[in-house]
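One-letter residues, chain by chain:
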Amino acid sequence: MSAAQVPGVTDRRWEGVIATVRQDKGFGFIRCPELRKMYPEKDVFLHQRHLGSFREGDNVSFGVFMRDGKPQATDLAMVNGQQPMQQQQQMAPQMGMQMGMPMGQGVPMQGMGMGMGMGMQMDMGMQQPSMGHPQMGQQALPPPPPQAPPEEEATHEVEVPKEFMSTLGEGGKLQQLKYLAGGDINITFQNKPELLNSVVATIRGPKAHASLGVILVMKEMTELIHIPV
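Because the structure is predicted, anything quoted here is derived from the model rather than measured.

Undergrad: Outline unusual backbone geometry, supporting the account with residue identities and numerical values.
TA: Keep in mind that most residues, glycine aside, have a negative phi and that most peptide bonds are trans. With phi around 55 degrees, aspartate 68 is a residue other than glycine that occupies positive phi space. Looking at the element boundaries, aspartate 68 is found in the loop between strand E4 (59-67) and strand E5 (70-78). A residue is classified by how much of its surface remains accessible, and aspartate 68, at 75% relative accessible area, is exposed. A positive phi angle, close to 55 degrees, is found at aspartate 75, a residue other than glycine. Within the element layout of this structure, aspartate 75 appears in strand E5.

In structure tokens form, the structure reads like this:
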């Protein structure tokens, strides 16, 4: 048996947690309570060439060889066959996509302690309420009332003196008359051969407004010919 072989130390595997990794120095340490009882000076030395893809916080199983009377870790493996944390984090986005999670929401993996393996936590998030539905505590708005059907159109013809046409054209009286009748009627004048001194005024628009337009035209006409009302 060589000096590097220590029964009960180098002939078995140990379990611990990678406590620190000094990338700038090229080494780290594994915290193993069992070995610490036997070698209380420091945690188990871990050279960078034995680190592989493992990172701080990984629960590992490892072998030991002796150098200068102190244990050093070698042949690292995950406890219970779990993968190193770095590989788990690389796989998390792919697992999230397979589970229907948006990109960027991985499945974080967290160490559960020495000898207990790795635990997996899935942050599924909360579904946001749809913008098209009322949220809890909000009352749904009633549907808008049905629109009233368009009012029936009507056309009226009134015989008026020809002087009436020129009178309405003075000072915007025709526009004022339309405004008083609702603003949405149309008044046109038409000459007819059988009428020598008069024309036909045609009032067209919504039924109620057209009727009011006829009344206003008649009122203007009575004032023109000075007929007492």
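Text resumes after the structure shown.
Undergrad: Requested: an account of helix H4 (residues 173-180), with residues and values cited.
TA: Among all positions of H4, only Leu174, Leu177 and Lys178 are buried. Projected onto a plane normal to the axis of H4, the buried residues spread over an arc of 100 degrees and lie on a single side. Opposite the buried face of H4, by more than 90 degrees, sit the exposed residues Gln175 and Tyr179. Directly beyond the C-terminal end of H4, a positive phi value near 125 degrees is found at glycine 182.

Undergrad: Lay out the nonpolar core in plain terms, naming residues and giving numbers.
TA: With 19 residues, the main nonpolar core has Ile18, Ile30, Leu35, Val60, Phe62 and Leu76 as its most contacted residues. When residues of this core are traced back to their parent elements, those giving at least two are strand E1 (14-22), strand E3 (44-47), E4 and E5. If one sorts the elements of this core by residue count, E4 sits on top with four residues. Discounting chain neighbours no more than four positions away, the residues touching valine 60 are Trp14, Glu15, Gly16, Ile18, Ile30, Phe54, Leu76, Ala77, Met78 and Val79.

Undergrad: Requested: an account of the pattern of salt bridges, with residues and values cited.
TA: It is possible for side chains of opposite charge to pair when their charged atoms get near one another. Applying the stated criterion to the full structure yields five salt bridges. We note a salt bridge from arginine 12 to glutamate 34, for which the minimum N-O separation is 3.8 Å. Remark: glutamate 34 occurs in helix H1 (residues 33-38) and arginine 12 occurs in the segment before E1; sequence separation between them is 22 residues. Relative accessible area serves as the criterion here: at 36%, arginine 12 is assigned to the partly exposed category. Taking the relative accessible area as the measure of exposure, glutamate 34 reaches 43% and is therefore partly exposed. Of the charged contacts in the structure, one is a salt bridge between aspartate 43 and arginine 36, with a shortest N-O distance of 2.7 Å.

Undergrad: Which residues make up the packing of aromatic side chains, and what values do they have?
TA: Here the structure, examined in full by the defined rule, presents three aromatic pairs. Taking the centre distance of 5.8 Å and the plane angle of 85 degrees together, the rings of phenylalanine 27 and phenylalanine 29 count as edge-to-face. Residue class for phenylalanine 27 comes out partly exposed when judged on its relative accessible area of 24%. Taking 5.9 Å as the distance between ring centres and 85 degrees as the angle between the ring planes, the aromatic pair formed by phenylalanine 29 and phenylalanine 45 counts as edge-to-face. Taken as a pair, phenylalanine 29 in strand E2 (residues 27-31) and phenylalanine 45 in strand E3 lie far apart in primary sequence, 16 residues in all. Counting every residue linked through ring pairs, the aromatic cluster contains Phe27, Phe29 and Phe45. Sitting over the ring of tryptophan 14, arginine 12 keeps its end group 3.6 Å from the ring centre.

Undergrad: Help me get a handle on the environment of valine 60, residues and values and all.
TA: Assignment of secondary structure puts valine 60 in strand E4. Put simply, valine 60 and isoleucine 18 are 42 residues apart on the chain and 7.3 Å apart in space, counted from C-alpha to C-alpha.

Undergrad: Before we move on, can you summarise the side chain of aspartate 43 with the specific residues and values?
TA: Residue placement: aspartate 43 occurs in the loop between H1 and E3. Judged by relative accessible area, aspartate 43 falls into the buried class, the value being 18%. Among the polar contacts made by the side chain of aspartate 43, one reaches the side chain of arginine 36 at a distance of 2.7 Å. Beyond its immediate chain neighbours, meaning those up to four positions away, aspartate 43 contacts Ala19, Phe29, Ile30, Arg31 and Arg36.

What counts, and where the lines are drawn
- Residues numbered from 1 in each chain as written.
- Predicted model: local features only at pLDDT ≥ 70, side-chain atom pairs only at ≥ 80, totals over all residues.
- Heavy atoms only, no water.
- Helix = DSSP H or I, 4+ residues; strand = E, 2+ residues; numbered from the N terminus.
- Buried < 20%, exposed > 50% of the residue type's maximum accessible area, 1.4 Å probe, protein only.
- Arc of directions from axis to C-beta.
- Core = buried A, V, L, I, M, F, W, Y, C linked by side-chain atoms within 4.5 Å.
- Contact = heavy atoms within 4.5 Å.
- Salt bridge = Lys/Arg side-chain N within 4 Å of Asp/Glu carboxyl O.
- Phe/Tyr/Trp six-rings, centres within 6.5 Å; stacked < 30°, edge-to-face > 60°.
- Lys NZ or Arg CZ within 6 Å of the ring centre and 35° of its normal.
- Polar contact = N/O pair within 3.5 Å; in protein donor to acceptor, adjacent residues only side chain to side chain.

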